[in-house]
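Structural overview
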Amino acid sequence: MENTKISINNLTKVFFKKNNSVTALEDISMEIFEGEFVCLVGPSGCGKTTLLRILAGLETTSVGDFEIKLGKEDRPLQSMVFQERGIIPWLTVEENVAFGLKMRHLPKSVIKERTDYYIKKVGLEKFSKLFPKELSGGMKQRVSIARAFANDPEILLMDEPFAALDEQNKFILQEELLSIWEETKKTVLFITHSIDEALLLSDRILLMSAQPGKIIKEIKNDIPRPRNIEKIRSHQQTTKNFIEILNHLHEEVQKSRK
Amino acid sequence: MKEEKRALTHDPVEVEQQEWKKRRLNERWKQTLTIASPIFLLILWEFLSRTNLIDVRFFPPPTDIIYTFYNMSVSGELFHHIGVSLYRIFAGFLLGVIPGIVIGLLMGLYSPIRHFVSPIVMALMPIPTLALLPIIIILFGIGDFSKIFTIAGSVFFPVVINTTAGVINIDSIYLDVAKNYGANSKDFFFKIALPGSLPVMMEGIQMGQAIALLTIVAAEMMGATSGIGYLIWTSYKAFLLKEMFVGLILISFFGYLFSLILRYLQKKILPWR
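In this numbering scheme, every chain counts its residues from 1 along its sequence in written order. Throughout, the order in which chains and ligands are written sets their labels, letters from A for the former and numbers from 1 for the latter. Note on the predicted model: pLDDT of at least 70 is required for a residue's local features to be given, and 80 or more for side-chain atom pairs to be given and counted; whole-chain, interface and lining totals, by contrast, use all residues.

Observations concerning the domain arrangement of chain B
Domain annotation of chain B identifies domain 1 (2-50) and domain 2 (62-269). Residue ranges assigned to the domains are those given by an automatic or database domain assignment. Just the C-alpha atoms count here: the centres of domain 1 of chain B and domain 2 of chain B sit 39 Å apart.

Examining the interface of chain B and chain A
Once C-beta atoms are placed from the backbone, any two residues with those atoms within 7 Å are in contact. Listed per partner, the contact involves 15 residues of chain B and 19 residues of chain A. Here a helix means four or more residues in a row that DSSP labels H or I, a strand means two or more in a row labelled E, and each is numbered from the N terminus. For the side of chain B that touches chain A, the secondary structure elements donating two or more residues are helix 8 (172-180) and helix 9 (185-219) of chain B. Counting residues per element, the side of chain B that touches chain A draws most heavily on helix 8 of chain B, at 6 residues. Nonpolar residues are Ala, Val, Leu, Ile, Met, Phe, Trp, Tyr, Cys and Pro. Charged residues are Asp, Glu, Lys and Arg, and all others, Gly as well, are polar. Taken together, the residues of the side of chain B that touches chain A break down into 8 nonpolar, 3 polar and 4 charged.

Describing the environment of Ala224(B)
Residue and element names in this part refer to chain B. Of note, Ala 224 is situated in the loop between helix 9 and helix 10 (228-237). Separated by 46 residues in sequence, Ala 224 and Ala 178 place their C-alpha atoms 52 Å apart. When neighbours within four sequence positions are excluded, Ala 224 is seen to be in contact with Lys 147, Gly 229 and Tyr 230.

With respect to the pairing of strand 3 (residues 37-41) of chain A
Residues and elements named next belong to chain A. Residues with at least 20 neighbouring C-beta atoms inside 10 Å of their own are called buried, those with 12 or fewer are called exposed, and the rest are partly exposed, where every C-beta is derived from the backbone. The buried count for strand 3 comes to 5 of 5 residues, which makes it a mostly enclosed element. Alternating positions in strand 3 separate into two faces, Phe 37, Cys 39 and Val 41 on one and Val 38 and Leu 40 on the other, with burial throughout. Strands are labelled as partners when DSSP assigns at least two bridges between them. Judged from the 5 bridges that link them, strand 3 and strand 7 (residues 187-192) form a sheet pairing that is parallel. Paired with Leu 40 across the bridge in strand 7 is Ile 191.

Side note on the domain arrangement of chain A
Residue and element names in this part refer to chain A. The domain architecture assigned to chain A consists of domain 1 (4-69 + 154-257) and domain 2 (87-153). Here domain 1 and domain 2 have C-alpha centroids that lie 25 Å from each other. For the side of domain 1 that touches domain 2, the secondary structure elements donating two or more residues are strand 6 (155-159) and helix 6 (167-184). Of the residues contributing to the side of domain 1 that touches domain 2, the split by class is 9 nonpolar, 2 polar and 2 charged.

Here it is, written out as structure tokens:
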């Protein structure tokens, strides 16, 4: 488990616009290990999405670099589970899940097999021929998750995938994500502003400060797996961690108000 | 009122069924109104014309126009005009739509092309193609091609502008998804850019279709020897107003028919909307 999978070295990102610069991320260094589920928690606008977008290859760094270790040759480096609206409306559920595999031009039989497997895994067999307009928010995010897992990347990046869901659906999807994840043991970097979510899912929680975004604290969350919401809620360590994170976030929000 | 009804029927299903029946009746009534409106107009016209309340010379009664329509159909003269005009409309439509889509996609996908071409498009767009008709006739003669070219010129602009807008306005999250999942440029074009721009592009094509019909009439007024526009124009000049109305009604009919066909195609092509 202690093999470094992602290493980020002194990464800084500045946005520059008309003589006005904003430091979104400042001197970020961290390591994420193979098979680890890491949650990045911070106040909104702290640059956590920017960090994820940099790792996803959608944004460039200003200074510093990062490395994602390649395991198997034919594997994509990373796949992202986007916030809501991330699935493509003109492709059916099936085509959306197969999207990454199709972009890699894998043999048709492989695409079919893996797509079917993950569609079944997220319980959307009956809906595989439908277009996203006919799906609920929760089902759409299931498609998004299935698409990322089907692509079988080295690491998974998740950008608040459950933020737009109602609480019931959120619980269900979180547990489903955990069960799929436990089967594959992928390295995951998961962004959230929900403390509960971070405590349920992660092995380790990284806390970020408000602008400029820095990683200021790390919390180990070693409640044994397999987990579910009840187990996490009733565990005494959870309360301690919850309060610690909450205090930290309050502090940051206060700071950014000044 | 409400109280009374509640007292009469206690079954909730029955109450809702009554409501539903009322709503359905209301829908039917609206449908009837839609169908009745053109019929009402025709009857009114017939009446006013027969009773000489409006000038019969300018507004011959619809039944007379239908009779003229029948005579012209029997003689085969009408079908010749229709055939010629439809050919010009289709050819001109395609000649405008296809380059419009190609150039529009290029402009949407490649910003240098967009920045170079869009001032030209913007500058040419306000010039009515019909005003260029004399030059077009000098260049291409009085044959079919000059009419086809005129129509193409008018159809091109809404299509090119809407296609460009369609590509540019694709939600950036889909571009991110494509990039994140490693789409190459060919896949990006066929899986993201083309399908994503289709809805707005189709709007442009709808507009182009309407413009094609508007243009054909005017284009056939100059240097033409056949076609619906020619029929309208020569009938008007010879003061054969019934024949002229036949031409006008044909244009209106085809306009309606084409927009129905395009709307049907739109539903077929864009099942995901």
